[in-house]
Amino acid sequence: ALSVPDRKQPNTIIDRLRHISQLSDTSSREGVTQLMQTVALELLRKESSWNSAFFSQTRFLSDKYAEREFNEISTMERTKLDSESINKFGGLIDMSSDFTSSEPKGLADIKSTNVVVTLTLTVDQTDLKLQKVVNRDDVKEILKTISSQPSENLLAGEIVWAPANSNDVVSSEYVYRNFPKLVPL
């Protein structure tokens, strides 16, 4: 999770993720890998904004079981969101809400927000020595590994973030209620 002091400033992580996702070509494994790498690099650039993180990995003997676990985690993470603004799969974009929608009443005076970014990956032949996140160096190590992952190792990948646009606000209470495994940094 990241802290954004002024959600209306240009180039917030919200704007960067939206921009990256709109430009990404996810019609191939290489495109999805490029998306994951670019987002990992963008998160590394925003290190000063990190406020918490979580990491887990599981080894599987079969791609079939890994795919099932990926789908379960993906569904679980996506259900934490009230809605999705972009669903881009196979190079196709489905925008279910308008990024230029008006700001909900009561949020105009709130400048800051939290942003939760979830990267879910299924990779082959990659083993991080880390077992959990305890500090910023652990997060850096994880993001560096993701950003250097060759496309032939990526079996599946998904990036989910909230809020999806700068008109919305995510409170600290929402973050810790819906993402209780996050470790403060």
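Residues numbered from 1 in each chain as written. Predicted model: local features only at pLDDT ≥ 70, side-chain atom pairs only at ≥ 80, totals over all residues. Heavy atoms only, no water.

What the protein contains, in helices and strands, is 5 helices and 7 strands. Looking at the protein residue by residue over its 185 residues, the buried ones come to 43%. Carbon together with sulfur atoms contributes 50% to the accessible area of the protein, which is approximately 10800 Å² in total. (Helix = DSSP H or I, 4+ residues; strand = E, 2+ residues; numbered from the N terminus. Buried < 20%, exposed > 50% of the residue type's maximum accessible area, 1.4 Å probe, protein only. Areas by Shrake-Rupley, 256 points an atom, 1.4 Å probe, with all protein chains shown as cover.)

Before going further, it helps to spend a moment on the sheet that holds strand E6 (residues 154–162). Sheet architecture is open: 3 strands sit in the order E1-E5-E6, paired in antiparallel fashion. In this open sheet, the two strands that pair with only one neighbour each are strand E1 (2–4) and E6. Averaged over all pairs of adjacent strands, the angle between strand axes in this sheet comes to 20 degrees, irrespective of strand direction. Across 3 bridges, E1 lies against strand E5 (residues 113–123) in antiparallel orientation. Paired with Ser-3 across the bridge in E5 is Asn-114. Contacting E1, E5 and E6, helix H2 (residues 29–45) crosses the sheet at an angle of about 45 degrees to E6. (Pairing = 2+ DSSP bridges. Axes fitted to C-alpha atoms, helices over the stretch in contact; angles between N-to-C directions. Contact = heavy atoms within 4.5 Å.)

Further remarks concern the pairing of E5. Most of E5 is tucked away, with 8 of its 11 residues classed as buried. Examined bridge by bridge, E5 and E6 share 8 bridges and lie antiparallel to one another. Bridge assignment links Thr-122 to a residue of E6, and that residue is Ala-156.

Take the side chain of Thr-122 next. For Thr-122, the location among the structural elements is in strand E5. On the basis of relative accessibility, which here comes to 10%, the residue Thr-122 falls in the buried class.

Our focus in this paragraph is the pattern of salt bridges. With the rule as written, the count across this model stands at 7 salt bridges. One salt bridge in this structure joins Lys-140 and Asp-137, with 3.7 Å as the shortest N-O distance. On the criterion of helical spacing, the pair formed by Lys-140 and Asp-137 is a turn pair, its members being 3 residues apart in helix H4 (residues 136–147). Judged by relative accessible area, Lys-140 falls into the partly exposed class, the value being 23%. Each of Arg-16, Glu-42 and Arg-45 takes part in salt bridges that share partners, so that together they form one network. (Salt bridge = Lys/Arg side-chain N within 4 Å of Asp/Glu carboxyl O.)

Turning to the packing of H2 against H4, a few remarks are in order. Direction vectors running N to C along H2 and H4 enclose 150 degrees, while the axes themselves pass 8 Å from each other. When the axes of H2 and H4 are compared, the pair comes out roughly antiparallel. Between H2 and H4 lies a crossing whose hand is left-handed. On H4, the residues touching Met-36, Gln-37, Ala-40, Leu-41, Leu-43 and Leu-44 of H2 are Lys-140, Leu-143, Lys-144, Ile-146 and Ser-147. (Parallel < 35°, antiparallel > 145°, perpendicular 65-115°, else oblique. Left-handed = near helix turned anticlockwise from the far one by under 90°.)

This next bit is on the environment of Asp-63. Locating Asp-63 in the fold gives a position in helix H3 (residues 63–79). When the C-alpha atoms of Asp-63 and Thr-122 are compared, they prove to be 8.9 Å apart, with 59 residues separating the residues in sequence.

Over its 12 residues, H4 extends 16 Å from the first C-alpha to the last, a length consistent with the 16 Å expected when each residue adds 1.5 Å. The complete set of buried residues in H4 reads Asp-138, Val-139, Ile-142, Leu-143, Thr-145, Ile-146 and Ser-147. In this structure, the buried residues of H4 make contact with H2, strand E2 (52–53) and E5. (Expected span 1.5 Å × (residues − 1).)

With that out of the way, let us pick up the environment of Arg-7. Mapped onto the elements, Arg-7 comes out in the loop between E1 and helix H1 (13–23). Note: C-alpha distance between Arg-7 and Asn-165 (158 residues apart in sequence) is 8.9 Å. Separated by 2.7 Å, the side chain of Arg-7 and the backbone oxygen of Ile-110 make a polar contact. (Polar contact = N/O pair within 3.5 Å; in protein donor to acceptor, adjacent residues only side chain to side chain.)

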